[in-house]
Amino acid sequence: MPTVILLDVSLSMSRPIATTDLGSTPEEYQRRHTAIHGINTFLDYLSSHYKLEFVSLIAFSYLWEQLVSFTRDYDLIKAALNKVEAFSKTCIEAALNGVKTIVSDEWSNASCQVILVTDGSLGVGLGSLKRSLHTCHSRQSTDDKFPLPFPFPCKLHIVCVGNPNDSDVRMSLPYYQQLIDIGEHGGELHTLDGPVSFRSVSDCFQRLAEKNYSPFCGTLNCGNFSCAIQLFPKPEPYVSRCEESGEAHKSLSVTDSVDIIGFVDIKDVGSPPTIARHLMLPLPTRDKQNSDSTNGKEKDIKSGKPEEEEEALDDGRTPSFTVLLHGSLKVQSMVAIARVQKDWYGMIYSWADSKKKSSLILALFTPGQNAVQWLGQFDNLTSCKEFLPEKLYSDEEKKSPFPVRPGDKRSYSQSCVVWIKPTGLQSDIQKVLRHARKLPDKLQQFYKELNRTRRAALSFGFLNLLSAMADMLDRECTLLPGSAHPNAAIQLTHAASSLRSESALNPFHTILALQTNFASESAADR
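Conventions used here
Residues numbered from 1 in each chain as written. Predicted model: local features only at pLDDT ≥ 70, side-chain atom pairs only at ≥ 80, totals over all residues. Heavy atoms only, no water. Salt bridge = Lys/Arg side-chain N within 4 Å of Asp/Glu carboxyl O. Helix = DSSP H or I, 4+ residues; strand = E, 2+ residues; numbered from the N terminus. Buried < 20%, exposed > 50% of the residue type's maximum accessible area, 1.4 Å probe, protein only. Phe/Tyr/Trp six-rings, centres within 6.5 Å; stacked < 30°, edge-to-face > 60°. Pairing = 2+ DSSP bridges. Axes fitted to C-alpha atoms, helices over the stretch in contact; angles between N-to-C directions.

### Looking at the pattern of salt bridges
- In total, this model carries 10 salt bridges according to the counting rule given.
- A salt bridge links D119 to R15; the nearest nitrogen and oxygen atoms lie 2.7 Å apart. Residue D119 is located in the loop between β6 (112-118) and α4 (129-135), and its partner R15 is located in the loop between β1 (3-8) and β2 (16-19); the two are separated by 104 residues in the primary sequence.
- By relative accessible area, which is 1% here, D119 ends up buried.
- Here E188 ties to K211 by a salt bridge, and the two come within 2.8 Å at their closest N and O atoms. Placement of the pair is E188 in strand β8 (residues 187-191) and K211 in helix α6 (residues 198-212), with a sequence separation of 23 residues.
- Classification of K211 as exposed rests on a relative accessible area of 53%.
- Taken together, the salt bridges that share partners define one network made up of D428, E449 and R452.

Here it is as structure tokens:
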């Protein structure tokens, strides 16, 4: 899950502190410098133990600014931290609005974590945290709504780099805790163990990283094969809630042993509902780690190669069951059904984000035996050879025992229309207009995209889009050049009038091309 670091750069963070952490003589630093040192400690931990985490940096005072977008290059964030300057007063609500904006734009509804770094100042005046929390439940305007809880799952961690014995800091801690409670997805308030210093701030960030960013290491078992693995991101406990009261009554955690119980064709498992997906990576075995630690220097002396290059070569030569499993699933078009807890299952499959890169993914089902209903109970699954006649299991007449795919095509087998962002709607409208400008050559494609967009607008209740599309087609008709085919203007006028008719509101109705002599002649010419 991505992480957003919110750094308070208000004037209160510029208050000086005297410390001897970095030298024998006392030197004067600002609280902002200690916060930056703590963030660097956190980034160093990620680079060593949690390298795949995407991190973004936002600096805020009364306004907010995203200094670094989501990246795995933590050196970019460190470089941006060195250029941070102090600004006006603290306004935490503005910073939370910034988090809501960038996470929704780049990650949609994905889970994330936010680390708010401040010094215990609540702000003053209109944008103070005390005033924001006092009015967050009484706001009527949608535009002025308090950003918490976020529209996506988010853990809010607050790091206070102020002296916990300071009266102002003690007064602000309940407000910070109230902020975490309003977020509804957990988090923790982190304070220093003593006065403000580089060491105390660094220790605070180290505790936060070790508790919330510790890698998940376990063992993948399949018969006599076993392999040490790491799952990223770390699987969160599944909390089941009572349907009537909504209260949590059961919590399950993924065990450190992932057992493969069988293999199923991709076409049989289809696209089952999942609650989480995790990247599965191989880890070196303990014996290999011990031998590398004792003989690493000797290898470097003999080979004359750097230590990192030698380790990379060793990893490439070491057999790994995950590599074998990944290649087999990819070639055979199958998935592996795995047990991660009693009555909790998932599937392991090969997923490609591009033509050159593919990864091994563990997707977790909802706990229970009937998580994938068309497969039945997982404990009852067995080999097809156990209950199918030999002729049905032959390569020539292989038949699936699961009622997943019917013989005829259904509407959901086509690409679905998704209008989560304005760009999706704009793309579909532009596709209709592109075909309209190439009439009558693109006659069939034009009406196909027109009906596809019309049905999507009806399913979403976006009825105004029909009249807007009709106006656009009328405009395209007036913009046709003099050399355009006469059938183009006829079809555009017909389509625009059809969108304005009452039959266009019927989702089962299909707008057909107007039969003209021009259409038949052009078809005969082609």
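### Overview of the packing of aromatic side chains
- Here the structure, examined in full by the defined rule, presents 13 aromatic pairs.
- Measuring from centroid to centroid gives 5.1 Å for F150 and F152, while their planes differ by 5°, and the two rings are stacked.
- With relative accessibility at 1%, the residue F152 sits in the buried group.
- Pairing W419 with F460 gives two aromatic rings, centres 5.3 Å apart and planes at 55°, and the pair type is tilted. Within this pair, whereas W419 is found in the loop between β17 (358-364) and α11 (422-436), its partner F460 is found in helix α12 (residues 443-460), the two being separated by 41 residues in sequence.
- When its relative accessible area of 46% is taken as the criterion, F460 is described as partly exposed.
- One aromatic cluster in this structure is built from F42, Y50, Y213 and F232.

### Points about the sheet that holds strand β7 (residues 154-160)
- On the basis of which strands lie adjacent, the open sheet formed by six strands has the order β5-β4-β1-β6-β7-β8 and mixed pairing. Two strands close off the open sheet at either side, each with one partner strand: β5 (64-71) and β8. The average angle at which neighbouring strand axes cross in this sheet is 15°, direction not considered.
- Bridging between β1 and β6 involves five bridges; their strand directions are parallel.

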